[in-house]
Each structure stands twice: as structure tokens, then as C-alpha cells.
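Below are the chains, spelled out letter by letter.
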Amino acid sequence: MISATVKINDDNFNEQVLQSKGPVLVDWWAEWCAPCKQLLPIVDDIADEYAGEARICKINADENKEYSKQFNVRGLPTMILFVDGKEKTRLVGLVSKTRIAQLLDECLEG
């Protein structure tokens, strides 16, 4: 099965995230980050479950420093929820699928 997760980079971040209408969850990760690897299947599940309602994106922080710096991403994994191009909230570290779903549900309901 192909994941609904969108892989983004500095070149398309503006188009994929900041110009998007509705919720976009961006997961900053790196190859060397063990918690990022643990979060990978959770993020993929969330992307599949929220397909059509929210865009779920992944960006490699080591390879894409422009937006990592702009949004002050200092620890990995970091997930930032954007709504209509504006940062609404962020989660840093390994978090549960339940917590991520709760944030998305609140955003979609409100």
C-alpha cells in the first residue's frame, strides 16, 4: 500500500504548506533520529486515515535547512500543524497516534 504522506522539501514547502487551505501537518525528521523512525509508521497511518481531510507531510531536516531555521525546529522529531498557512501548534519528540489525531480532530471540528 502506498502511503498518503507527502514528501516535501525547501523548494516546494511554500506551495505545499504555506499556500495550502486547511490543515497541513509537517513532520521534520532525520535519518539518524531513532524517535523519528519510531514515529514513521504512526505518521503514515495518520496520513492514510486523514486523506482528503488534512495533508500530512514529511521533510528531512538535514537536507532542508531553510524552513527548519525559519520555523525554529531545534529538536527532532518536530511536528507543526499549519492551518491555512499559519502555524497553529507543534509537537516535539515522540508522541502517540492518539495525540496527533486529537490535534487534527480539534482543527477539523473548529
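Residues numbered from 1 in each chain as written. Predicted model: local features only at pLDDT ≥ 70, side-chain atom pairs only at ≥ 80, totals over all residues. Heavy atoms only, no water.

The name given to the chain in an unreviewed UniProt entry is Thioredoxin, with the source organism recorded as Paracidovorax wautersii. A UniProt comment under Sequence similarities (unreviewed entry) is attached to the chain, and it reads "Belongs to the thioredoxin family. Plant M-type subfamily." (UniProt positions renumbered as here; feature names shortened; annotations may be inferred.)

Moving on: the nonpolar core. Counting residues in each nonpolar core, the largest one holds 18 residues, and the members touching the most others are Ile46, Ile56, Met79, Ile100 and Leu104. Elements that contribute at least two residues to this core include exactly α2 (34–49), β4 (78–83) and α4 (97–109). When near neighbours in sequence (up to four residues on either side) are disregarded, Ile56 contacts Ala4, Thr5, Val6, Leu25, Val43, Ile46, Ala47 and Leu104. With 14 residues, the next largest nonpolar core counts Cys57, Ala61, Tyr67 and Phe82 among its residues. (Core = buried A, V, L, I, M, F, W, Y, C linked by side-chain atoms within 4.5 Å. Buried < 20%, exposed > 50% of the residue type's maximum accessible area, 1.4 Å probe, protein only. Helix = DSSP H or I, 4+ residues; strand = E, 2+ residues; numbered from the N terminus. Contact = heavy atoms within 4.5 Å.)

For α2, which comprises 16 residues, the first-to-last C-alpha distance of 24 Å matches the rise-based estimate of 22 Å (1.5 Å per residue) to within 8%. In the structure, α2 departs most strongly from a straight axis at Leu40, where the bend amounts to approximately 35 degrees and where the proline Pro41 lies between one and four residues downstream. Turning to α2, its buried residues number three or more, namely Cys36, Leu39, Ile42, Val43, Ile46 and Ala47. Contacts made by the buried residues of α2 are with β2 (23–29), β3 (55–60), β4 and α4. (Expected span 1.5 Å × (residues − 1). Bend = angle between axes of the 7 residues up to and from the residue.)

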